[in-house]
Amino acid sequence: MPVDTKAATDRLMRFLAVEGVTGQEAAIGRELTAALKQAGVPAKAIRLDDANTRIPVPTETGNLIVDLPGRGALHNQPRIMFMTHMDTVPLCAGAKPKKSGRKIVNEARTALGGDNRCGCGVLVTLAAELEKQKLDHPPITLLFCVREESGLYGARHVKLDELGSPVMAFNYDGGSASNVVIGAVGADRWTVEIFGRASHAGVAPERGISSTMIMALALADVKAGGWFGKVVKGKQQGTSNVGPVTGGEGRPAGDATNVVTDYVHVRGESRSHDGKFFKEITKAYKAAFEQAAKKVTNAQGKSGKVKFKAETDYYPFRMKESLPVVKRAIEAVSAVGGTPNVRAANGGLDANWMVRHGIPTVTFGAGQNEAHTVDEWINLDEYDRACALAVRLATMR
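All figures in this text were calculated on a predicted structure; none of them were measured in a lab.

### Things to note about the side chain of Ser 211
Here's step 1: Position of Ser 211 among the secondary structure elements: in helix H5 (residues 211-224).
Here's step 2: Take Ser 211: its relative accessible area is 0%, and that puts it in the buried class.
Here's step 3: Those residues in contact with Ser 211, other than ones at most four positions away along the chain, are Ile 194, Gly 196, Thr 261, Asp 262, Tyr 263 and Val 264.

Structure follows, in structure tokens:
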């Protein structure tokens, strides 16, 4: 079952040229739809869902879903699903892809967008090869998710009845096509608003309550307690990070140095493969900010206040290697000449939510390298292998 690698690469270059940062996927959705139709998929089999109406941040369009009826000897077998995400990180805006030998590189000082235009290329190539070669296969759902990069929102908010009840799924999002990712971390995203009191820093600093100092004391406490960065507490491990520190929507009273800062907005995250431990990390941050607020007082004895909010972005999972989806993945990787590398990921995947929805999902790479950086590039040998792997997975008996 050879794959037309030239056509597959041409599709990838085509998709890379279409901008579609997270939340703004309408244009790439249209391009994918056009390419699917050109590959022989009937228009009635392609649709957008309404997940964007349930996503709590502005999102141009819903997930793109494609229904491929079964064919031949496998037509009545249980449905399977192939999925990827069609958004890129904002750093990819303005990318200029260029083929260089067996690589695709970027002529602009931006990220390239291989994460995850490679996955899009694999799924469309799968549809094209199944149709072109008239291969026997079970009913297949193709799912192109929105807003993966900003919170796995598309996979989180998809309606299961839109997917046709697949018994297993294969997600494309990563580097090597030989990686068989069967688990991933869970994560909290948290925000804290710090409320102090503004005062003239030169005339009456004692009347003020510095929200900046509250933040500094809290973070110093977190660091001293071993809760920042790589977190190891006995047998439990995880990570945490403090993200942007800004004035947020609340905005401080002033941005001059002669005003005691009365408001600071901080965002961060906690991660772990242990579903309980990332919650413990989050609790450590919450306690540190609350204690720091009590410590910073003004001349009148009034202290600062904090408003801490945490939300679980996605839940950790680890599938057993004895599951049919994992066995199928390992067998298929070997069949296309790869050496299966069964592993767990330290980042969140759309597979986190698929498994949470009850659909066992294995994730493979598709040739992306140095994702989310200006050094991003695509390995076309791995991309070709990922395309061949998809065809193999879809046609196994």
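Read on for the rest.
### Side note on the domain arrangement of the chain
How big an interface is tends to be stated in terms of the accessible area lost upon association of its parts.
Here's step 1: Per the domain assignment, the segments of the chain are domain 1 (5-185 + 316-395) and domain 2 (186-314).
Here's step 2: On a C-alpha basis, the centroid separation for the pair domain 1 and domain 2 is 37 Å.
Here's step 3: At the junction of the two partners, domain 1 supplies 15 residues and domain 2 supplies 13 residues.
Here's step 4: Interface area, domain 1 with domain 2, both sides summed: about 900 Å², of which 53% is carbon and sulfur.

### Details of the UniProt feature "active site" (unreviewed entry) in the chain
Here's step 1: In the numbering adopted here, UniProt assigns the feature "active site" (unreviewed entry) to Glu 148.
Here's step 2: Glu 148 has contacts with His 85, Asp 87, Asp 173, Gly 348, Leu 349 and Asp 350, leaving out every residue within four places of it along the chain.

### Structural notes on the layout of surface pockets
Here's step 1: Of the voids in this model, the largest pocket is the one considered here, and its volume is about 870 Å³.
Here's step 2: Looking at the largest pocket, it is lined by 25 residues, and the ones nearest its centre are Arg 189, Trp 190, Thr 191, His 265 and Arg 267.
Here's step 3: At the level of secondary structure, the elements contributing two or more residues to the lining of the largest pocket comprise strand S9 (186-195), strand S11 (236-246), strand S12 (263-272) and strand S13 (305-314).
Here's step 4: Viewed by domain, the lining of the largest pocket spans two of them, domain 1 (5-185 + 316-395) and domain 2 (186-314), each represented by three or more residues.
Here's step 5: One number sums up the size of the second largest pocket: a volume of about 650 Å³.
Here's step 6: Listed by contribution, the elements that provide at least two residues to the lining of the second largest pocket are strand S8 (179-184), S9, S12, S13, strand S15 (341-345), strand S16 (361-364) and strand S17 (368-369).
Here's step 7: At 3 residues, the largest contribution of residues to the lining of the second largest pocket is made by S9.
Here's step 8: For the lining of the second largest pocket, the domains that each give at least three residues are domain 1 (5-185 + 316-395) and domain 2 (186-314).

Conventions used here
For every chain, the first residue of its written sequence is number 1, and the numbers climb from 1 along that sequence. Totals for whole chains, interfaces and linings use all residues, but because this is a predicted model, local features are given only for residues with pLDDT of at least 70 and pairs of side-chain atoms are given and counted only at 80 or more. By convention in this description, side-chain values take in all heavy atoms of the structure and omit both hydrogens and water. Every helix listed is a DSSP run of H or I at least four residues long, and every strand listed is a run of E at least two residues long, numbered separately from the N terminus. Accessible area is worked out with a 1.4 Å probe on protein chains only. A residue is then buried under 20% of its type maximum, exposed over 50%, and partly exposed in between. Here, two residues are considered to be in contact whenever any of their heavy atoms come within 4.5 Å of each other. Where a domain begins and ends is set by an automatic assignment or by a domain database. Reported buried area values correspond to the accessible surface (1.4 Å probe) lost by two parts on association, with both partners' losses combined. UniProt positions are given in the numbering used here, feature names are shortened, and annotations may be inferred rather than shown by experiment. As defined here, a cavity is a set of points on a 1 Å grid over the protein atoms alone where a 1.4 Å probe fits but cannot get out. A pocket is an open set with protein on both sides within 12 Å along at least five of seven lines, and residues line them when an atom is within 4 Å of a point. Grid points are joined across faces, edges and corners, and a volume is the space filled by probe spheres set on the points.

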